Amino acid sequence: MNFWQQLKKPVIGLSPMDGVTDAPFRYIAAKYGEPDVVLTEFINVNGIYHAPEQLFYDFLYHEIERPVVAQIYGNDPAFFYIAAKVVGELGFDGVDINMGCPSKSVAASGSGAALIATPDLALDIVRAVKQGVADWVKDGLKDVRPELIAQTEATKNRLIELGVSLPAERRHIPVSVKTRIGYKDVVAVDWVNTLLKEEPANITMHGRTLKQMYTGSADWEQLYRAADAVAEWNSAHSSEQRITFLGNGDVQSLADADKRMSGNMDGVLIGRASFGHPWIFKGLDFDDVPLQERIAVAIEHAHLHARLKPEQMFVQLRKHLGWYMKGFHGAAQVRAELVRSENAEQVERILAQVETTEIMLDN
Ligand SMILES: Cc1cc2nc3c(=O)[nH]c(=O)nc-3n(C[C@H](O)[C@H](O)[C@H](O)COP(=O)(O)O)c2cc1C
């Protein structure tokens, strides 16, 4: 089943962000914003193969996030092939291949956005992931090493504890790609035409090159042209093969997303504008959300984080807390306290004070 084709248009999804779109934040985004699709942080395929317990926290999710897509990255088709089987077994609705990460540690090894410069390898990887899904549908985790099967089973049990209903049957989950408009130079249309050869179910394109990293502004003109190329491909193929295309980069609000839609674009993914603002997907501006509600959600987020991940991972939450607590008298002081918090109880104590002070100010 290709859920990408079923989503109502325009699609407004949560962009994958390493260190940000973990299970606790995606749950909060799903509950308060209801994006049409969410993607996990990128997960390294070599890491998956070696199956350390730590990495598998990245595979946790809740039922309300669906459709939820696991994003994977690497440079070796053989590892992608195995990772695809694990993603299928864990009940995700799709698997996405990262061809967009510009960071040195990732791109220097030929992974992420560096794949734009090695199109043959990029296509091999798409094929390997599709083959991994197909073989998993046929034979399950046959031929997967026992340690990885054990880790996958342990993660499945954890998901069941979280209330996830794992699909009763193995499904042909769609394989998608998230990428950029180029490596050094802009090659959006050529690059999309290359990717179309392997028919990914969805292509999301960020309107910057690898070289640009996050500087300048996203080039939406290039994204419209890429969307047109996908539309042209679609017009020559059957409706069952229809490939969707999402634009990405600098979308600040739902109104902004609407303005950026063009005839051939199916939707957008929103990244940074969702920091501390899961309500963005419902069309609210940050200032529309009362401080009391932001405090309540920050506390809920903290407890959820503490429930899902071990104590030493609590530091990952601190930036989220800072993002919620902006734009009111004394916010800087509150953030300074939150960045030192070590557990949910401390967060609750710090935020309880804010609430009282603010109410006093109101009076
Ligand atoms: C902190 C951070 C982490 C990111 N991690 C990923 C990632 O794991 N996978 C990915 O495809 N893109 C990643 N991105 C890129 C975003 O998904 C998105 O393409 C980019 O931020 C542009 O969209 P925006 O302007 O709406 O944020 C990351 C971006 C940021 C800021």
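The name given to the chain in an unreviewed UniProt entry is tRNA-dihydrouridine synthase, with candidate division WS6 bacterium OLB20 as the source organism. Heading Function (unreviewed entry) of the UniProt record for the chain holds this comment: "Catalyzes the synthesis of 5,6-dihydrouridine (D), a modified base found in the D-loop of most tRNAs, via the reduction of the C5-C6 double bond in target uridines." Turning to the chain, the UniProt record has this under Sequence similarities (unreviewed entry): "Belongs to the dus family."

A. Inspection of helix 4 (residues 77–89) at higher detail. For helix 4, spanning 13 residues, the distance from its first C-alpha to its last is 19 Å, which sits close to the expected 18 Å at 1.5 Å a residue. With 10 of 13 residues buried, helix 4 lies mostly within the body of the structure. Taken together, the buried positions of helix 4 are occupied by Phe-79, Phe-80, Ile-82, Ala-83, Ala-84, Lys-85, Val-86, Val-87, Gly-88 and Glu-89. Where helix 4 is buried, its residues meet helix 3 (45–50), strand 3 (68–73), strand 4 (94–99), helix 6 (119–139) and helix 7 (146–161). Regarding helix 4, its N-cap is Asp-76, as a side-chain oxygen of that residue lies 2.9 Å from the backbone nitrogen of Ala-78 further along.

B. Here's a closer look at the layout of surface pockets. The calculated volume of the largest pocket comes to roughly 530 Å³. If you trace the largest pocket, you find 27 residues lining it, with Ser-15, Pro-16, Met-17, Lys-178 and Tyr-214 closest to the centre. Elements that contribute at least two residues to the lining of the largest pocket include exactly strand 5 (175–182) and strand 8 (267–270). By residue class, the composition of the lining of the largest pocket is 12 nonpolar, 10 polar and five charged. Considering only enclosed or pocket space, the second largest pocket measures out at about 270 Å³ in volume.

C. Inspection of the packing of helix 2 (residues 23–32) against helix 11 (residues 291–308) at higher detail. Where helix 2 contacts helix 11, the two axes come as close as 9 Å, and the packing angle between them is 140°. What the angle tells us is that helix 2 and helix 11 run oblique. Relative to helix 11, the crossing made by helix 2 is right-handed. Residues Ala-23, Pro-24, Phe-25, Tyr-27, Ile-28, Lys-31 and Tyr-32 of helix 2 touch helix 11, and the partners they reach there are Glu-293, Val-297, Glu-300, His-301, Leu-304, His-305 and Leu-308. For the contact of helix 2 with helix 11, the class distribution of residues is nine nonpolar, two polar and three charged.

D. Broad picture of the site of the ligand. The ligand sits among 16 residues. The nearest are Pro-16, Asp-18, Gln-71, Asn-248 and Asp-250. In this structure, Lys-178 approaches the ligand through a side-chain N or O atom, which is 2.9 Å from an oxygen atom. Take Asn-248: an N or O atom from its side chain is 2.5 Å from an oxygen atom of the ligand. Contact with the protein chains covers 88% of the free accessible surface of the ligand, which is 610 Å². Split into classes, the residues belonging to the shell around the ligand amount to five nonpolar, seven polar and four charged.

E. How the structure looks around the UniProt feature "active site" (unreviewed entry) in the chain. This chain's UniProt record puts "active site" (unreviewed entry) on Cys-101. Within the fold, Cys-101 resides in the loop between strand 4 and helix 5 (104–107). On the accessibility criterion, Cys-101 (13% relative accessible area) is buried. When near neighbours in sequence (up to four residues on either side) are disregarded, Cys-101 contacts Phe-42, Val-106, Ala-107, Ser-111, Gly-112, Ala-113 and Leu-210.

F. Structural context of the domain arrangement of the chain. Domains assigned within the chain are domain 1 (3–282) and domain 2 (290–362). Computed from C-alpha atoms alone, the centre-to-centre distance between domain 1 and domain 2 is 30 Å. On the domain 2 side, the residues contacting the 20 residues of domain 1 number 18 residues. When domain 1 packs against domain 2, the two sides together hide about 1700 Å² of surface, and 67% of this comes from carbon and sulfur. Contact with domain 2 buries area across many residues of domain 1, yet Pro-24, Tyr-57 and Trp-279 alone supply 30% of it, more than any other trio. In this assembly, domain 1 and domain 2 are joined by two salt bridges. Close ionic contact of Lys-309 with Asp-22 constitutes a salt bridge, the shortest N to O distance being 2.9 Å. Remark: the boundary between domain 1 and domain 2 carries seven residue pairs in polar contact (both at pLDDT 80 or more). By residue number, the principal contributor to the side of domain 1 that touches domain 2 is helix 2, which donates seven residues. Grouping the constituent residues of the side of domain 1 that touches domain 2 by class yields 13 nonpolar, four polar and three charged.

Criteria and cut-off values
Residues numbered from 1 in each chain as written. Predicted model: local features only at pLDDT ≥ 70, side-chain atom pairs only at ≥ 80, totals over all residues. Heavy atoms only, no water. UniProt positions renumbered as here; feature names shortened; annotations may be inferred. Helix = DSSP H or I, 4+ residues; strand = E, 2+ residues; numbered from the N terminus. Expected span 1.5 Å × (residues − 1). Buried < 20%, exposed > 50% of the residue type's maximum accessible area, 1.4 Å probe, protein only. Contact = heavy atoms within 4.5 Å. Polar contact = N/O pair within 3.5 Å; in protein donor to acceptor, adjacent residues only side chain to side chain. 1 Å grid on protein atoms, 1.4 Å probe; cavity = no way out; pocket = protein on both sides within 12 Å on 5 of 7 lines; lining within 4 Å. Points joined across faces, edges and corners; volume = space filled by probe spheres on them. Nonpolar A, V, L, I, M, F, W, Y, C, P; charged D, E, K, R; others polar. Axes fitted to C-alpha atoms, helices over the stretch in contact; angles between N-to-C directions. Parallel < 35°, antiparallel > 145°, perpendicular 65-115°, else oblique. Left-handed = near helix turned anticlockwise from the far one by under 90°. Near = heavy atom within 4 Å. Areas by Shrake-Rupley, 256 points an atom, 1.4 Å probe, with all protein chains shown as cover. Domains from an automatic or database assignment. Buried area = accessible area lost by both parts, 1.4 Å probe. Salt bridge = Lys/Arg side-chain N within 4 Å of Asp/Glu carboxyl O.

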